[in-house]
Structure formats: C-alpha cells, structure tokens
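The chain contents come next:
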Amino acid sequence: MIKETKSGLEHFHTVTCQHLEPLYQELAHEQHPHTLFITCSDSRIDPQLLTGAKPGDMFTIRNIANIIPAPEDPYQDFTTLSAVEFAVEVLNVKQIIVCGHSNCGGCKAALDGAQAMEHLPYTRAYLKVLEPVRERVEKEAANHVHESKYRLMEQRNLIEQVNHLKDYEFIQKRVEEGKLEIEGWHYTIETGKIAVFDEEKDQFCTVF
Ligand SMILES: [Zn+2]
C-alpha cells in the first residue's frame with residue numbers, strides 16, 4: 001500500500017467513520033440510492049464531491065468515456081448493462097445522470113483514431129463502438145469553428161450514450177410512467193461548470 005492510501009485509510013477510520021457511524025449503521029443491510037451516476041473513469045471526476053451525495057445516495061458506473069452499449073450492439077458490455085439494469089429494476093433509482101467531461105482522454109483517442117492506440121489493443125477494441133460518433137463529428141466540425149473538435153466529440157458522445165439508454169425498453173417504460181429522468185451532463189474540470197443537454201433546444205445549457 002502506498003503511503004498516500006495508508007494515511008487516507010487512517011483518516012477514514014479515525015475521523016470519517018466516527019462522524020458517519022449512524023449513517024453507516026442505517027446502511028448496513030440495504031441501499032436505496034436515488035441516482036444512477038454514469039461517468040468516465042477519469043481520476044479528476046469525483047461524483048460525490050460534485051453532487052454532495054452521501055454514502056448510499058448514488059449507484060455509480062465508471063468506464064472510459066462513459067460508454068453505454070446500444071441494444072443492437074453486437075459487442076454488448078454486460079458489466080455496464082447489468083449495473084444499469086440492477087439500478088433501475090431493483091433499486092428503482094429516480095434519475096440517471098450520464099456525465100462526460102472536458103479533456104476526456106477516451107474521447108480524444110476515439111477521435112484521433114486507431115493509429116493513436118497502436119500500443120493499446122484492448123482500448124482500441126473497446127473504443128471501436130465510437131467510430132460512428134467520430135465520423136459524424138468529423139463532418140460536423142467544419143460548422144463549429146469556435147468549438148474544439150475534441151469538445152464536440154465529448155458532447156456528441158454524451159448525447160449518443162444517453163440515447164442508447166433511452167433505447168432500452170425497460171428504461172423507456174419508466175420514463176413514460178414518470179418514474180425516471182435521464183440527463184446528460186458535460187463537466188468542465190478547470191471551472192467546475194456543468195452544462196446539461198437540453199433535448200428540446202438541442203444544445204447544452206450551463207446550469208452551474
Ligand atoms: Zn474521460
């Protein structure tokens with residue numbers, strides 16, 4: 001164990017655990033999270049810090065570039081899908097937030113193409129599903145002169161992943177019944193700003 005982790009663990013046991021003991025007692029045998037938070041594995045995103053969530057509030061899925069397989073995708077990623085299914089069907093979360101972010105290495109690699117990942121065979125295979133998004137961004141980029149191509153890729157990827165979620169019947173049903181909301185967020189690391197995708201306006205609106 002490296003020293004940073006050891007001292008963090010020590011602090012957790014001597015300070016945090018004492019402080020949160022009543023909550024942990026309450027959570028000992030069950031969880032009732034209100035949110036499923038799906039985001040990138042990037043170390044700079046801290047969903048709890050960002051939303052003020054306490055232990056037990058959020059079910060979390062993280063992977064490179066916050067990818068959710070489409071129902072018709074032949075390379076189904078059951079790690080992500082089973083977690084989505086469990087959060088919705090068993091835990092009855094009220095909202096799903098898909099959170100992409102600025103300077104996303106996964107989106108950049110997908111946009112730069114396979115040759116940029118020559119030494120990363122697993123990552124290359126994994127990011128292959130973003131190829132249609134990359135093609136659309138390359139075409140669109142000419143009309144977005146003020147926006148960097150990478151940011152456009154992050155935002156288009158986010159919309160794509162939210163749409164994949166909405167394509168699952170069990171999710172559609174809950175949304176139609178008013179039991180589930182889905183939002184796409186783009187988080188800018190250096191400012192902390194959150195832009196939420198507004199489907200009606202077809203644009204990202206900064207809320208904080
Ligand atoms: Zn990322």
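Report follows, based on the coordinates. Since we're looking at a predicted model, the values are computed, not measured. (Residues numbered from 1 in each chain as written. Predicted model: local features only at pLDDT ≥ 70, side-chain atom pairs only at ≥ 80, totals over all residues. Heavy atoms only, no water.)

Some points on the overall build of the protein chain
Turning to step 1, where the next piece is worked out: When helices and strands are counted, the protein chain shows 9 helices and 6 strands.
Turning to step 2, where the next piece is worked out: Taking 17 Å as the expected radius of gyration for a compact globule of 208 residues, we find that the protein chain reaches 18 Å, a close match to that expectation.
Turning to step 3, where the next piece is worked out: Viewed in the frame of its principal axes, the protein chain has a C-alpha envelope of about 55 × 45 × 35 Å.
Turning to step 4, where the next piece is worked out: Residues counted as buried form 39% of the 208 residues belonging to the protein chain.
Turning to step 5, where the next piece is worked out: Taking contacts inside the protein chain between residues at least 6 apart in sequence as the whole, the part at least 24 apart equals 62%.
Turning to step 6, where the next piece is worked out: A total of about 12,700 Å² of accessible surface is found on the protein chain, and carbon and sulfur atoms cover 53% of it.
Turning to step 7, where the next piece is worked out: Each charge class in the protein chain was averaged separately, 21 positive and 33 negative side chains, and the resulting centres sit 4 Å apart. (Helix = DSSP H or I, 4+ residues; strand = E, 2+ residues; numbered from the N terminus. Rg over C-alpha atoms; globule rule 2.2 N^0.38 Å. Buried < 20%, exposed > 50% of the residue type's maximum accessible area, 1.4 Å probe, protein only. Contact = heavy atoms within 4.5 Å. Areas by Shrake-Rupley, 256 points an atom, 1.4 Å probe, with all protein chains shown as cover. Lys, Arg positive; Asp, Glu negative; His and termini not counted. Charge placed at Lys NZ, Arg CZ, Asp CG, Glu CD.)

Thoughts on the side chain of Asp-57
Turning to step 1, where the next piece is worked out: Within the fold, Asp-57 resides in the loop between α3 (47-51) and β2 (58-63).
Turning to step 2, where the next piece is worked out: Apart from residues no more than four positions distant in its own chain, Asp-57 is found in contact with Pro-33, His-34 and Thr-35.

Points about helix α4 (residues 78-90)
Turning to step 1, where the next piece is worked out: Among all positions in α4, only Thr-80, Leu-81, Ala-83, Val-84, Ala-87 and Val-88 are buried. One face of α4 carries all of its buried residues, which in axial projection span an arc of 165°. Within α4, the exposed residues directed more than 90 degrees away from the buried face are Phe-78 and Thr-79.
Turning to step 2, where the next piece is worked out: On its buried face, α4 is in contact with β1 (35-40), β2, β3 (95-101), α8 (149-166) and α9 (169-176).
Turning to step 3, where the next piece is worked out: Capping the start of α4, Asp-77 holds a side-chain oxygen 3.0 Å from the backbone nitrogen of Thr-79, two or three residues further along.
Turning to step 4, where the next piece is worked out: Note on α4: the residue one or two positions beyond its end, Asn-92, has a positive phi of about 55°. (Arc of directions from axis to C-beta. Polar contact = N/O pair within 3.5 Å; in protein donor to acceptor, adjacent residues only side chain to side chain.)

What to know about helix α7 (residues 131-140)
Side chains that are three or four residues apart share a direction in an α-helix, a result of its 3.6 residues per turn.
Turning to step 1, where the next piece is worked out: All buried positions along α7 are accounted for by Val-133, Arg-134, Val-137 and Glu-140. One side of α7 holds all its buried residues, which, seen down the axis, span an arc of 130°.

Observations concerning the sheet that holds β1
Turning to step 1, where the next piece is worked out: As summarised here, the arrangement of the 6 strands in space is β2-β1-β3-β4-β5-β6, forming an open sheet in which the pairing is mixed. Every other strand in the sheet has two partners, leaving β2 and β6 (203-206) as the edge strands with one partner each. Direction aside, neighbouring strands of the sheet carry axes that sit 25° apart on average.
Turning to step 2, where the next piece is worked out: Direction of pairing for strand β4 (residues 181-187) relative to strand β5 (residues 194-198): antiparallel, over a ladder of 3 bridges. (Pairing = 2+ DSSP bridges. Axes fitted to C-alpha atoms, helices over the stretch in contact; angles between N-to-C directions.)

Let's talk about the packing of aromatic side chains
Turning to step 1, where the next piece is worked out: Counting across every chain of the model gives 5 aromatic pairs.
Turning to step 2, where the next piece is worked out: Ring geometry for Phe-37 versus Trp-185: centroids 6.0 Å apart, planes at 85°, classification edge-to-face. Highlighted residues: Phe-37 in strand β1 and Trp-185 in strand β4, separated in sequence by 148 residues.
Turning to step 3, where the next piece is worked out: You can call Trp-185 buried: its relative accessible area is 13%. (Phe/Tyr/Trp six-rings, centres within 6.5 Å; stacked < 30°, edge-to-face > 60°.)

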